[in-house]
Amino acid sequence: MIALFLWAVLQSGVPRVGTADVEFRGPCAGLRADLPGGASIGVGFDPPLSVGEERRLRVAVPWPAEALPQEVWKGELARSLAAAGPARLERVQPPTPVVGLDPTLIARPRPDLGRGGGGPGMSWSMLFVLGAVFAIQAGRRRRALLTTLVTLAACASLWLLVGLAPRETPRELVLYEARLDGETGEPWLEVSSARDRLLGVDPQRASIEVHPPGSALGCRTEFSSSSADGSVSLTAPAATLHQLRSFDSGGRALRREVNALGDFGAAWFRESGGSWRSLGPWAFGDPMPEGSPGDPPGRWVPDLPLAGSLFLGRLADPSALAARRDPAPQGPAEAWIRASGM
Amino acid sequence: MHIAALALTWLASLAPLLLERFGALEFAAGPGGAAPRLGLCALVWLALAGAPRWRETPFEVRNWWGGALAALPVLCLACLLDGAGSPAGKAPWAAGIFAAVAVALSALASDLAAARPAARRVHGALWLATSLGLPLLWVAVHWGTRVAPAATPAFLDFLCSCSPLQWAFEVAREGASARSWIGAAAFLTALCAVAAAQTRTPGGRIGAAGGALLDSGATGSRGPGVPGP
């Protein structure tokens, strides 16, 4: 009955991530604890804990979105961990909200990475190639050489169709939300978004959001000789994960007179109540280009306030502002800045 | 493989890709070696192309080769889409080539065994017990009784790795283990060998080209569709 209740609670809202202090006893190479609602906790040790070795470590754990008595969730976590392996839960820490940021930054819509993570889907031309080849194969099945040649040609055509198809949406991006008319030195909001899997998570300082609500969230913490505090990754199949944390802009300035922030590969600007202008590339140290009328990619526009000016730019070097303590192996695919009040 | 069965298999293997195309299904990027589209397409081809044949048919190399080749474009497309959808952007070519070879071997064993009733029975029993039965037993133990993965009998995991369907399932889920690659390859090779040996015994029916494939000249091949002595 309790499990059913917890399952319903986990399914009902946007799951979050907290931390738990757990005592592990060797031998242990890792464990996986399943929680109600498809959520899970994973822990890995490299090298494995030796026989009799005890370690008290902080791991990331899923946290229900609904207000739930902490003791209830703690009890469920303790039961699941004890059933999964030689682990004893000592203390839990609920998710901490991002502090010190202007509420309007947090209220902005999150980047939409779309379905399927941006890879090219099956197009009508691919289906046509498959259908035509199958029809030829079916009709000429007894002509081995002809069938082989047609099949190889079809494979080559499909390779060209998939290889030449554009990637419309990245699987991972970083968005910096800024208020340029705020107080000097006001922190920005850094939103790291990824489809299915988010690496380099900092559950103690960052806030996590998962869309759509009710997604099964898996938290995995890997301890190794190179990351003694643990490297946290989150998985949520067919969902988009966002990590929100405060970003110290370090006095970087972006004004119409001069770009003192970095090179932009592409940029757009909208005056208060006006329409969008495409600025094209904007190099570091240059004044803002005049540009020409043109809208930014559609996924950035919805739900933004019309009042006030708005700047949107894609950094030429995605890692130019990155301050990720535990970066993804390939780094963010794209980095964007969305700034109001310029 | 009969043309109707081939068309059905082709359509069924395309179903995951079509469902994704129309937004009814979304494949998540799994761990490193996972290839969900390829795994599902290969699963359908391995299950249907390797299934025991309904009726007795003399073996013809050209029929078998033409049928096996029908899987190649679908597997190739699944491979390419998995590569495009993965964070690293790498297509799972090794798994794709293995899947194509496994489909060809499965179909070869079925087509060879279809040449003779005794061979068909032996092949059917082996295929049902190993290729289909063992993964179903694994599913029953894991999902039906909710046994924790660590508590599963080791011998069941070991036996399951002989099934090509289990290999495809693992590819779709999280990438196949080395044991599954070796187990599936060994099982398919053994199945072909058993089917060929059964077919070559007196009473087997092998087409002209099939006889040429199986016989290296020491034993005479029989005519197309002509029952053996």
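My aim in this report is to walk through the structure given alongside it, one point at a time.

Reading the values: the criteria
- Residues numbered from 1 in each chain as written.
- Chains lettered and ligands numbered in written order.
- Predicted model: local features only at pLDDT ≥ 70, side-chain atom pairs only at ≥ 80, totals over all residues.
- Heavy atoms only, no water.
- Helix = DSSP H or I, 4+ residues; strand = E, 2+ residues; numbered from the N terminus.
- Areas by Shrake-Rupley, 256 points an atom, 1.4 Å probe, with all protein chains shown as cover.
- Core = buried A, V, L, I, M, F, W, Y, C linked by side-chain atoms within 4.5 Å.
- Buried < 20%, exposed > 50% of the residue type's maximum accessible area, 1.4 Å probe, protein only.
- Contact = heavy atoms within 4.5 Å.
- Buried area = accessible area lost by both parts, 1.4 Å probe.
- Salt bridge = Lys/Arg side-chain N within 4 Å of Asp/Glu carboxyl O.
- Nonpolar A, V, L, I, M, F, W, Y, C, P; charged D, E, K, R; others polar.
- Pairing = 2+ DSSP bridges.
- Patch = residues over 30% accessible without salt bridge, like charges linked within 9 Å, V, L, I, M, F, W, Y side chains within 5 Å.
- Axes fitted to C-alpha atoms, helices over the stretch in contact; angles between N-to-C directions.
- Parallel < 35°, antiparallel > 145°, perpendicular 65-115°, else oblique.
- Left-handed = near helix turned anticlockwise from the far one by under 90°.

The number of helices and strands found in chain B is 10 helices and 0 strands. Reading chain B from its N terminus to its C terminus gives the helix and strand order α-α-α-α-α-α-α-α-α-α. Total accessible area on chain B stands at roughly 9,900 Å², and carbon and sulfur atoms take up 70% of it.

So, about the nonpolar core. By size, the foremost hydrophobic cluster in this structure holds 65 residues, and its most contacted members are B:W45, B:L75, B:L77 and B:W167. By residue number, the principal contributor to this core is helix α5 (residues 93-113) of chain B, which donates 12 residues. Non-local contacts of B:L75, meaning those with residues more than four positions away in its chain, are made with B:L38, B:C41, B:A42, B:W45, B:A99, B:A100 and B:V103. Of all hydrophobic cores here, the second largest spans 23 residues; its members include A:C28, A:I41, A:W73 and A:F223.

Moving on to the interface of chain B and chain A. Residue-level contacts link 35 residues of chain B with 34 residues of chain A. Around 3,200 Å² of area is buried between chain B and chain A when both sides are counted, 66% of it from carbon and sulfur atoms. Where chain B meets chain A, there are 0 salt bridges. Looking at the side of chain B that touches chain A, the elements that each hand over two or more residues are α1 (3-21), α3 (61-69) and α4 (71-85) of chain B. Along the lines of polarity and charge, the residues of the side of chain B that touches chain A split into 25 nonpolar, 7 polar and 3 charged.

Okay, the pairing of strand β10 (residues 231-247) of chain A next. As a general feature of sheets, a regular strand has side chains that alternate between the two faces. Residues and elements named next belong to chain A. Most of β10 is tucked away: 12 of the 17 residues are buried. Across 11 bridges, the pairing between strand β7 (residues 188-201) and β10 is antiparallel. Following the sheet pairing, R197 is matched in β10 by T235. Bridge count between strand β8 (residues 207-211) and β10: 5 bridges; the pairing is antiparallel. Each bridged residue has a counterpart across the sheet, and for H211 the counterpart in β10 is T240. Relative to β10, strand β9 (residues 218-224) runs antiparallel, the two sharing 5 bridges. Directly across from C219, in β10, lies its bridge partner L234. The turn linking β9 back onto β10 is made up of 6 residues, and G230 within it adopts a positive phi angle of 95°.

Our next topic: the pairing of strand β16 (residues 310-315) of chain A. All names here are of chain A. Buried residues dominate β16, accounting for 5 of its 6 residues. Of the strand pairs in this sheet, strand β13 (residues 264-270) and β16 are connected by 6 bridges, and their pairing is antiparallel. In the strand pairing of β16, A266 is matched with R314. Alignment of β16 against strand β17 (residues 334-340), held across 5 bridges, turns out to be antiparallel.

Right, let's get into a nonpolar patch on the surface. Taken together, the side chains of A:W159, A:L160, A:L164, B:W93, B:I97 and B:V101 present a nonpolar region at the surface, about 670 Å² in accessible area. When contributions to the nonpolar patch are tallied by element, the ones reaching two or more residues are α5 (144-164) of chain A together with α5 of chain B. Looking at the secondary structure, you find A:W159 in helix α5.

In this section: unusual backbone geometry. Residue and element names in this part refer to chain A. Note the cis peptide between G26 and P27, where omega equals 5°. Examined against the element boundaries, P27 turns out to sit in the loop between β1 (16-25) and β2 (28-34). A cis amide bond, omega 5°, links D46 with the succeeding residue P47. Among the secondary structure elements, P47 is positioned in strand β3 (residues 40-49). Even without being a glycine, D196 presents a positive backbone phi close to 70°. Considering the arrangement of structural elements, one finds D196 in strand β7. With relative accessibility at 3%, the residue D196 sits in the buried group.

Moving on: the packing of α5(A) against α4(B). Contact pair α5(A) / α4(B): the axes reach a minimum separation of 9 Å and the direction vectors enclose 20°. As judged from the angle between their axes, α5(A) and α4(B) are roughly parallel. The crossing of α5(A) and α4(B) is right-handed. Contacts between α5(A) and α4(B) involve A:T151, A:A154, A:C155, A:L158, A:W159 and A:V162 from the former and B:L72, B:P73, B:C76, B:L77, B:L80, B:L81 and B:A84 from the latter. For the contact of α5(A) with α4(B), the class distribution of residues is 12 nonpolar, 1 polar and no charged.

Geometry only, nothing functional implied.
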